[in-house]
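# Observations on the three-dimensional arrangement
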Amino acid sequence: MNANLRPVLSKDNSALAVNEIFDSIEGEGKRAGELATFIRLAGCNLRCSYCDTAYAFAEKHMMSLQDILAKVHYPAVTLTGGEPLMQEVRPLLEALKSHTVNVETNGSIDISRYFDLDNVFFTVDFKCGTSGETSKMLPYNFKHLRKRDVLKFVVGSHEDLVQAKNLYLFHYDNLRNRQIFVSPVFGQIEPAEIVDFLKAENLRKWRVQLQLHKFIWDPEKRGV
């Protein structure tokens, strides 16, 4: 590892409940296709109908920061879950200050407490109706996204697309200059329907994304 990218341990070396750590490409979002180290933490406070990482709810092993950092191989790091913000991740994020960390979070937990960390950006989900978890969303997160952050809609129906558009319009003053991605629930809606909706609604700044890893590898394969 380049010495300039070596993680720096925080004084707080408390353990985290980890599901898996692996190297792959970012499958979606603004770093799609880029090599990254993925740190998947265990546990989640939601139960989305289409969840593809339910194995992270309970499968875990406790790891010290030292052990986690030893498995980081790339300057791009993605902290995901489950829901990573259920645990105290500040020591880990601070230790990764020479890396750029994408925190994938489900939209239900306040992200602003980490806004002071210059190496961190958030990919924040809004859970549409198909998920069954819309009521758990925290409006503050969508009002205060920064330019570096990403808002992601995972949609499984036309109704989800309409709901996503309405949220966007409700928070338009803040979201109009933000990075908006919309992705199909794998196997539930055709990507072409999403493209047609964006054209019909003139959502020119939204970006359609597909989960690259599910096309490169078997959709059920883990650790990719």
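Structure: above.
Quick summary incoming for the structure in this document. (Residues numbered from 1 in each chain as written. Predicted model: local features only at pLDDT ≥ 70, side-chain atom pairs only at ≥ 80, totals over all residues. Heavy atoms only, no water.)

## Focus: the overall build of the protein chain
The number of helices and strands found in the protein chain is 7 helices and 9 strands. Relative to the globule expectation of 17 Å for 224 residues, the C-alpha radius of gyration of the protein chain, 17 Å, shows essentially globular dimensions. The C-alpha extent of the protein chain, read off along each of the three principal axes, is 50 × 40 × 30 Å. Classification of the 224 residues of the protein chain by burial places 53% in the buried group. Surface summary for the protein chain: the accessible area is close to 10,500 Å², and the carbon and sulfur share equals 50%. Placing the 28 positive and 28 negative side-chain charges of the protein chain at their respective mean positions leaves the two points 5 Å apart. (Helix = DSSP H or I, 4+ residues; strand = E, 2+ residues; numbered from the N terminus. Rg over C-alpha atoms; globule rule 2.2 N^0.38 Å. Buried < 20%, exposed > 50% of the residue type's maximum accessible area, 1.4 Å probe, protein only. Areas by Shrake-Rupley, 256 points an atom, 1.4 Å probe, with all protein chains shown as cover. Lys, Arg positive; Asp, Glu negative; His and termini not counted. Charge placed at Lys NZ, Arg CZ, Asp CG, Glu CD.)

## A word on the sheet that holds strand E7 (residues 150-155)
Consider a sheet: its strands pair through backbone hydrogen bonds, and that pairing is either parallel or antiparallel. An order of E3-E1-E2-E4-E5-E6-E7-E8-E9 is seen for the 9 strands of this open sheet, with the pairing classed as mixed. What marks the edges here is a single partner per strand, and that holds for strand E3 (61-63) and strand E9 (206-208). Strand-to-strand twist in this sheet, taken as the mean axis angle between neighbours without regard to direction, amounts to 30°. In terms of strand pairing, strand E5 (residues 100-105) meets strand E6 (residues 120-127) through 5 bridges, oriented parallel. For Val101, the partnering residue across the bridge sits in E6 and is Val120. (Pairing = 2+ DSSP bridges. Axes fitted to C-alpha atoms, helices over the stretch in contact; angles between N-to-C directions.)

## Concerning the pattern of salt bridges
One pass over the full model with this rule turns up 11 salt bridges. The residue Glu20 makes a salt bridge to Arg40 at a minimum N-O spacing of 2.8 Å. Of this pair, Glu20 sits in strand E1 (residues 16-25) while Arg40 sits in strand E2 (residues 35-41); the two residues are 20 residues apart in sequence, bridging distant segments of the chain. With a relative accessible area of 12%, Glu20 lands in the buried category. Residue classification places Arg40 among the buried residues on the basis of a relative accessible area of 9%. Each of the salt bridges in this network shares a partner with another, and the network as a whole consists of Glu28, Asp125, Lys127 and Lys152. (Salt bridge = Lys/Arg side-chain N within 4 Å of Asp/Glu carboxyl O.)

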